[in-house]
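Chain by chain, the residues run as shown.
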Amino acid sequence: MSAFVRDATAGAVLLLRGEAGIGKSTLWRAGVADAASARRVLRADAAAAETALRYAVLADLLRATPLDPLPPLQRDALAAVLAGGDADPRAVAAGTRALLAALAQEGPVLVSIDDAHWTDAPSAAALGFALRRLDDENVAVLLAARSDAELPLPLVPERTTTIEVTPLSRGALHHLINERTGQSWPRPFAHRVHALSGGNPFYALEIAGRARDGVPALPDSLLSLVDDRFAALSGECLAALRVVALAESPTWKLVDTVVSGGAAALDDAVACGLVVETASRLRFTHPLYAEGVVASSSPSALRAVHSRLAQLAPASEVAARHAALAATGPDEATAARLEQAARDVFARENAPLAAELAGHALALSDGPPVPERVMLAAETSLVAGDLARARTLLLEALDVVPPGDRRARVLILLSDAVEEGTDMLERYCEAAVAEAADPALRADALSALAGICALGRVHDLPRQRSRVDEAHALCPTSSVVETNGLWVKALGGDAVPPEPTGDDTPFLLSPRRARGLALLWDGRLDEARAVFAAGVEESLAAGEDESLTAALLQQAELESRAGWVERARRVAADAALGAPNDSQGRSLALRIRAAASLPAADPAETCRLAQEAAAIAAQGRFTWQELEARRIAGAAALLGGDVETALRELGRVREHLRENGIANPGAFPVAGDLAETLVHAGRPDEADALAEELAASGNTWATVVATRVHGFLSGDDEQLEESAERARALGLRLDEGRALLLLGVARRRSKRRGAAREAFARAERVFAELGASQYTALVRREAARLGGRTAGGRELSATERRVAELVAAGYSNREVAAAVSLSVRGVEASLSRIYTKLGIRSRTQLAAKYVDLHISPEPPAS
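A quick note: this is a predicted structure, and the numbers were derived from the prediction, not measured.

**Some details on the overall build of the protein**
Item 1. Helices and strands together make up the secondary structure of the protein, namely 45 helices and 7 strands.
Item 2. Computed over the C-alpha atoms, the radius of gyration of the protein is 32 Å, within 12% of the 29 Å expected from 2.2 N^0.38 for a compact globule of 862 residues.
Item 3. When its C-alpha atoms are laid out on the principal axes, the protein stretches across 90 × 85 × 45 Å.
Item 4. Across the 862 residues that make up the protein, the buried fraction comes to 53%.
Item 5. Of the contacts formed within the protein by residues at least 6 apart in sequence, a portion of 65% connects residues at least 24 apart.
Item 6. Counting only carbon and sulfur atoms, one obtains 51% of the accessible surface of the protein, whose full area is about 37400 Å².

Structure representation (structure tokens):
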């Protein structure tokens, strides 16, 4: 979308298709907003009530467009249209074509219409006439329309690209309902909402917003919509539809077996589009219809269907589930049957179904809860992602489970169910270590404790190493112990481990992920990229939301370190969709957003975002998140020239790592930025000592940075060239550009102007390729200090001059935008160019520059 609105060729059309509520209008609005900085946007929002009006859409598109360039006949025709009158259709069509061509001579144009299927016929005719005849003019078209609606606009097929807006994934929908409702819903709730809504975000928000006691419910508006579809159906047809709604794999034969004559009764439902047959199975055309059938049926009618399905179901767990749903009170025999079915299903790694069956087993138990049954319900709920239910059950289990190994198992599971911060996790794991006698269980507890202390609190790494060593000695075959051991040893600076074999654990907890992080920390980006890409693919295939979020997070971090701004932003946004809506998740989302945008965003804003993330993480003692956020805040401050803030933030991170034995310099890559900050602070000896430490670490990335710092301190061209070359070979493109930038600075200081210009030009090419606009601006400012004319020129255009005057006078970007007929984003882009041309970095410096020049800015016209 962004690429289209920026770079679309003349006459190109992008059509967004999708069902009502699927999000196509949201995407269309995002495209319109993106286009505002690159194109003149003509916008219309078509409406069903206005399809009978003449030229309603055309008048919306042209309402703020001067008609002066047109010949009198065409000008009068369009003026009449804008005034709500009538005009000769030929003159209107010709005038529309001529006006679009005239606007395109001034700059690229985007014609954008939402709900384009409701475009009135006269507008469609005029626009079709105009657009077919704009061959060379830079006019593009962005439309949104329903998939099932006919589009009245005649489009040229070879110029039109159609995108079907598909339903949201479960992870994206989970994030959406958390964000919009302001609650942190458990994963099973989100999955249920996804199943009911079919991934439609509008339906999903309606359903989540009407949830009762944590159970998704259809709101009255959707129930009414569903009821309208059922109103004309017979009682026999509705009875047959209950079977289709409740059975796992409904067929014509099954319907006829449960309901006499049910197959024939379903003909009406098929005829009106409620039910279809796919691969010999019956299904509703939308999951809402199934829920509507259930919601409109009496409990006794539903129990009767479940009772009959329990007798007919071939699989034991399916029969047990239907028996549970048919039960009217405690039934120990059914509870035992459900418990066994839950264990069987859990062994096959179907945690959601296992949790449901285990919950039914508890509910139907006759007498006090059996500890093993409580534990089963808790563990299955935990793996299914319902942390709140798992936590409640596990706390209950602490009261009924005797001391020893079983209690240790409860405590280990509790450590996985805690959301409030690292303190409780650590406390539960320490208690589990004290309780466990079984070697495998004690190994799990020790490994979990080491992981929490190393990866959560980044605390006392030597002690965590001894814990994972003891855990490995107790249980050398445990993949969880192996994974935590890899994490801890990688933080300690051990060599990257070999690729694991026979590893089929989910990516989140796998040795593959730990190895990928070790590769990333070592600067071996291509190898790490392959690991994380495979993690994304396997997590998508398995439906592992948490693993998918972890793999995307690592991809975002990798692309941020490489310097690819748009890639990092895109993947960071995807990763943030799956972040939980708790303090750690909010901190994570802010932190990766700041990291991804750092090379291109305003440094002060990036620093603010990262500091906000650090403050949120500190409240829950999520130390890893806090350290990463502070590192990003320091890097942004360095880029913005705020040496004091950079020293404070980077120094805090460095000190924590040193105190806690984190020997891998790539885990929190703070040392390079800190060394450069120390140089700017006039402390070169400390910078040199830090570079020596990096060089001695054996870490591949660290040696590249150490060479850069040493070269900058000594003014050694050869070292800086070597650092740039090695960084490029490793895919560390941002580090390559930074080495070339310092090469230019070193050459300028030694009065080698031509050689400095050449280095600055190379650095600028690298940063431009990456989209690292803040570094590009920094290169130009450094190059400007050579004297003479820069490659981009230093004269402000008339628009830039007016923007500069208003900003210097203290007006906001929004006020300036209104005064000079630009978007806010256009003003921001102009300011970036202005800062570069004038060799400054801030609004304060711009105001001072205008005072120095004795210019008194004029206010915008009111």
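**Some details on the confidence of the model for the protein**
Low pLDDT means the predicted atomic positions in that stretch should not be read closely.
Item 1. Per-residue confidence for the protein gives a mean pLDDT of 88, with 96% of residues at or over 70.
Item 2. Counted against residues more than four places away or in other chains, residues 789–793, with its pLDDT under 50, gives 5 contacts.
Item 3. Contacts of residues 851–857 to residues separated by more than four positions or lying in other chains number 5 contacts, the stretch itself having pLDDT below 50.

**Here we look at the environment of Trp701**
Item 1. With respect to the helices and strands, the residue Trp701 is situated in helix H37 (residues 700–714).
Item 2. For the pair Trp701 and Gly523, spaced 178 residues apart in the sequence, the C-alpha separation amounts to 4.6 Å.
Item 3. Ignoring anything within four residues of it in the chain, the contact list for Trp701 reads Trp521, Asp522, Gly523, Pro665, Gly666, Pro669, Gly672, Leu732 and Asp735.
Item 4. Polar side-chain contacts of Trp701 include one of 3.4 Å to the side chain of Asp735.

**Topic: helix H20 (residues 371–384)**
For an α-helix, the turn length of 3.6 residues means that residues three or four places apart are oriented alike.
Item 1. Spanning 14 residues, H20 covers 20 Å between terminal C-alpha atoms, matching the ideal 20 Å at 1.5 Å per step.
Item 2. With 10 of 14 residues buried, H20 is to be regarded as a mostly interior element.
Item 3. The complete set of buried residues in H20 reads Arg373, Val374, Met375, Leu376, Ala377, Ala378, Thr380, Ser381, Leu382 and Ala384.
Item 4. Phi turns positive, to about 100 degrees, at Gly385, one or two residues after H20.

**Focus on the packing of aromatic side chains**
Item 1. For the structure on display, the rule yields 6 aromatic pairs.
Item 2. Ring centres of Trp185 and Phe189 lie 3.9 Å apart, and the angle between their planes is 10 degrees; this geometry places the pair in the stacked category. Considered together, Trp185 and Phe189 belong to a single accessibility category, that of buried residues.
Item 3. Of the aromatic side chains, those joined through ring pairs into one cluster are Trp487, Trp521, Trp624 and Phe668.
Item 4. Sitting over the ring of Phe129, Arg133 keeps its end group 3.9 Å from the ring centre.
Item 5. Sitting above the plane of the Trp564 ring, Arg567 keeps its charged end 4.4 Å from the centroid.

**With respect to the packing of helix H33 (residues 623–639) against helix H34 (residues 643–659)**
Item 1. Where H33 contacts H34, the two axes come as close as 7 Å, and the packing angle between them is 145 degrees. Crossing geometry of H33 relative to H34 is assigned as left-handed. For the pair H33 and H34, the contacting residues are Thr623, Glu626, Leu627, Arg630, Arg631, Ala633, Gly634, Ala635, Ala637 and Leu638 in the first and Thr645, Ala646, Glu649, Leu650, Arg652, Val653, His656 and Leu657 in the second.
Item 2. For the contact of H33 with H34, the residue count by class is 9 nonpolar, 4 polar and 5 charged.

**Some details on the side chain of Arg738**
Item 1. Here Arg738 lies in helix H39 (residues 733–749).
Item 2. Setting aside residues up to four positions removed in sequence, Arg738 forms contacts with Leu638, Asp673, Glu676, Arg708, Phe767 and Tyr775.

**Considering helix H22 (residues 405–417)**
Item 1. With 13 residues, H22 extends 19 Å between its outermost C-alpha atoms, agreeing within 8% with the 18 Å of an ideal straight helix rising 1.5 Å per residue.
Item 2. Considered for burial, the residues of H22 that qualify are Ala408, Val410, Leu411, Ile412, Leu413, Leu414, Ser415 and Ala417.

**Concerning the state of the cysteines**
Item 1. Evaluated as defined, the whole model comprises 0 disulfides.
Item 2. Take Cys272: it sits in no disulfide, and the sulfur closest to it among the cysteines is that of Cys237, at 7.1 Å.
Item 3. Lacking any disulfide linkage, Cys429 is separated from the closest cysteine sulfur, that of Cys453, by 8.2 Å.

**Overview of the pattern of salt bridges**
Item 1. All told, the structure shown has 55 salt bridges when counted by the stated rule.
Item 2. Through salt bridges that share partners, Asp717, Glu721, Arg747, Arg752, Glu758 and Arg762 make up one connected network.

**Describing unusual backbone geometry**
Item 1. Here the phi dihedral of Val458 falls at roughly 50 degrees; this positive angle occurs in a residue that is not glycine.
Item 2. The topology assignment puts Val458 in the loop between helix H24 (439–456) and helix H25 (461–474).
Item 3. At Lys751, a position not held by glycine, the phi torsion is positive, near 65 degrees.
Item 4. Along the chain, Lys751 falls in the loop between H39 and helix H40 (753–770).

**A short note on the sheet that holds strand S4 (residues 139–146)**
Backbone hydrogen bonds are what pair the strands of a sheet, in a parallel or an antiparallel way.
Item 1. An order of S2-S3-S4-S1-S5 is seen for the 5 strands of this open sheet, with the pairing classed as parallel. The open sheet has two edge strands, strand S2 (40–45) and strand S5 (160–164), and neither has a second partner. Sheet twist, expressed as the average angle between the axes of neighbouring strands with direction ignored, equals 15 degrees.
Item 2. Here strand S1 (residues 13–18) pairs with S4 via 6 bridges, running parallel. Its bridge partner lying in S4, Leu14 is registered against Leu142.
Item 3. Here helix H2 (residues 24–35) sits on the sheet in contact with S1, S2, strand S3 (109–114) and S4, set at roughly 165 degrees to S4.

**A few points about the environment of Val41**
Item 1. Counting through the fold element by element, Val41 comes out in strand S2.
Item 2. Given a relative accessible area of 27%, Val41 falls into the partly exposed group.
Item 3. Between the alpha carbons of Val41 and Ala417 there is a distance of 50 Å; along the sequence they are 376 residues apart.
Item 4. Ignoring anything within four residues of it in the chain, the contact list for Val41 reads Val32, Ala35, Ala36, Leu110 and Ser112.

**A look at the pairing of strand S6 (residues 275–278)**
Item 1. Pairing of S6 with strand S7 (residues 281–284), which is carried by 4 bridges, proceeds in the antiparallel orientation. Bridging from a neighbouring strand, Glu277 pairs with Leu282 of S7.
Item 2. Counted between consecutive antiparallel strands, the loop separating S6 from S7 contains 2 residues, among which Ala279 sits at a positive phi close to 50 degrees.

**Considering the side chain of Arg591**
Item 1. By the secondary structure assignment, Arg591 is in helix H31 (residues 583–597).
Item 2. We classify Arg591 as buried; its relative accessible area is 5%.
Item 3. Excluding residues within four positions of it along the chain, Arg591 makes contact with Ala613, Gln625, Glu628, Ala629 and Ile632.

Parameters at a glance
- Residues numbered from 1 in each chain as written.
- Predicted model: local features only at pLDDT ≥ 70, side-chain atom pairs only at ≥ 80, totals over all residues.
- Heavy atoms only, no water.
- Helix = DSSP H or I, 4+ residues; strand = E, 2+ residues; numbered from the N terminus.
- Rg over C-alpha atoms; globule rule 2.2 N^0.38 Å.
- Buried < 20%, exposed > 50% of the residue type's maximum accessible area, 1.4 Å probe, protein only.
- Contact = heavy atoms within 4.5 Å.
- Areas by Shrake-Rupley, 256 points an atom, 1.4 Å probe, with all protein chains shown as cover.
- pLDDT = per-residue confidence, 0-100.
- Polar contact = N/O pair within 3.5 Å; in protein donor to acceptor, adjacent residues only side chain to side chain.
- Expected span 1.5 Å × (residues − 1).
- Phe/Tyr/Trp six-rings, centres within 6.5 Å; stacked < 30°, edge-to-face > 60°.
- Lys NZ or Arg CZ within 6 Å of the ring centre and 35° of its normal.
- Axes fitted to C-alpha atoms, helices over the stretch in contact; angles between N-to-C directions.
- Left-handed = near helix turned anticlockwise from the far one by under 90°.
- Nonpolar A, V, L, I, M, F, W, Y, C, P; charged D, E, K, R; others polar.
- Disulfide = S-S within 2.5 Å.
- Salt bridge = Lys/Arg side-chain N within 4 Å of Asp/Glu carboxyl O.
- Pairing = 2+ DSSP bridges.

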